[in-house]
Amino acid sequence: MLLDDSHLRDDRNWVGVLLNWYDLNKRDFPWRREKTTYGTWICEVMSQQTTMAVVVPRYVEFLKALPSVSDLVSCSDETLRELWSGLGYYARARNLRKGAEYIVQNRAGVFPDSYEDWLHVPGVGPYTASVISSICFSRAKGCVDGNVIRVVARMTGCSSPEIWSETGKGKIQDLVDECISTERPGDFNQAMMELGATVCQKLSPACGSCPVKDFCRAFRNDSVRACPVPKPRKSFESVELDALSVQILNCEQVPGEAVLLVGRASGFLSQTMGFPLFGQGERDALMHWLGEKSFVKSSRVLEKSVSHTITNHQIQVRVVDVTLKQQSGVADDFIAQFKDQFPHLIASSRWVSKSITGRTVASSLDRKIWENISRF
């Protein structure tokens, strides 16, 4: 049997114990102090694959700048990129705005109040739909994330690798749907996730402090470390890229030192603002093109490459650092000729002050690139 959860289904006392623990120990987050549907949605999308230490200040800034779903719909791409800076996975921000557009255009700005209706919102999957509908509308739909899988695996003593399969996740979903508190479904879901995040942790579980240890088979059998087995690792594909850093002093658009950023038209991190990225096969063409340009003052390849992981891609980036001559019209000429030569790489462009470059780029990879450039 993959999941022997009969004791959890038959004896529901653990649900009340868990909720009592949550009432006394839940962490203080801004979205818990003032619960709104919009805020719950924003924090849920932000916190996917991002630590709470990073999310909290970005959430506060985001809600201050865009306090309503209509504000999110009407904000510029540049504003959205800046507000999402530091959170990574920028596609989440784009999907968030697509969902906001759907709500404004198809529902007159009224949020869905059921799990099923939230699934119709672009960018919203089962997990997010269950979070919002349970917390904001008291719908009894369980949330299943990595923390919940770990908690259930230990409480049921499951050490089978199938726990991570769709079948395993489905069985856990069935369990939490059956056991969820119908009076406090949102608190139940948050309590399960909170328990996994703060007590039933992956590497250092604090079993002595666990409120439901008396219901936990892994604790009883001294097999906590074996439950669950590690999630199967994805195979990584190695990718080599070149990032182009172009700088100029006192161009017409920006006084002082300016750096070129582009809205990427394709490839990795498409539709984000950052440094132009070239595939390995374009390296010779880039260097040849730069060598022909009279307005290039200097160019060099920085010695140390940048390492970064995006989903199942292990990326190595070599930085090509270019300085343009300080002449009238050079900045515009460079962009015009760059677009002609590499039209597939650039959807938009802008010169930004060197002092704000690190805050303007949208992705973690771009910030690593900028840190590498700054060191040189």
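Before reading further, recall that the structure is shown in the block above.
Everything numeric here is computed off the predicted structure, so don't read it as measured data.

Asker: Before we go on, may I ask you to explain the packing of aromatic side chains in this structure?
Answerer: The geometry of two aromatic rings is summed up by the distance between their centres and the angle between their planes. Scanning the entire structure with this criterion turns up 16 aromatic pairs. Summarising the aromatic geometry, the rings of Trp 31 and Tyr 59 are spaced 5.0 Å apart at their centres and angled 80 degrees between planes, so their arrangement reads as edge-to-face. With a gap of 28 residues between them, Trp 31 in helix H3 (residues 30-33) and Tyr 59 in helix H5 (residues 52-65) connect regions that are remote in the sequence. With a centroid separation of 6.3 Å and 85 degrees between ring planes, the pair formed by Trp 41 and Phe 111 is classed as edge-to-face.

Asker: So what exactly am I meant to see when it comes to the nonpolar core here?
Answerer: A general trend in soluble globular proteins is that nonpolar side chains are found buried together. By size, the foremost hydrophobic cluster in this structure holds 39 residues, and its most contacted members are Trp 14, Leu 18, Phe 188, Met 192 and Leu 195. Of all the elements in the fold, those that place two or more residues in this core are helix H2 (13-25), helix H11 (146-156), helix H12 (166-179) and helix H13 (185-198). If we skip the residues at most four places from it in the chain, Leu 18 touches Phe 188, Ala 191, Met 192, Leu 195 and Val 212. Judged by nonpolar contacts, the second largest core, of 36 residues, contains Met 46, Leu 63, Tyr 90 and Ala 100.

Asker: Please clarify how the state of the cysteines should be interpreted in this entry.
Answerer: Simply put, the disulfide is a covalent bond whose two ends are the sulfur atoms of two cysteines. For the coordinates displayed, the defined rule picks out 0 disulfides. For Cys 143, which is in no disulfide, the shortest distance to another cysteine sulfur is to Cys 136 and amounts to 11 Å. Counting only cysteine sulfurs, Cys 227 is the nearest neighbor of Cys 158, a cysteine outside any disulfide, at a range of 6.8 Å.

Calculation rules
Residues numbered from 1 in each chain as written. Predicted model: local features only at pLDDT ≥ 70, side-chain atom pairs only at ≥ 80, totals over all residues. Heavy atoms only, no water. Phe/Tyr/Trp six-rings, centres within 6.5 Å; stacked < 30°, edge-to-face > 60°. Helix = DSSP H or I, 4+ residues; strand = E, 2+ residues; numbered from the N terminus. Core = buried A, V, L, I, M, F, W, Y, C linked by side-chain atoms within 4.5 Å. Buried < 20%, exposed > 50% of the residue type's maximum accessible area, 1.4 Å probe, protein only. Contact = heavy atoms within 4.5 Å. Disulfide = S-S within 2.5 Å.

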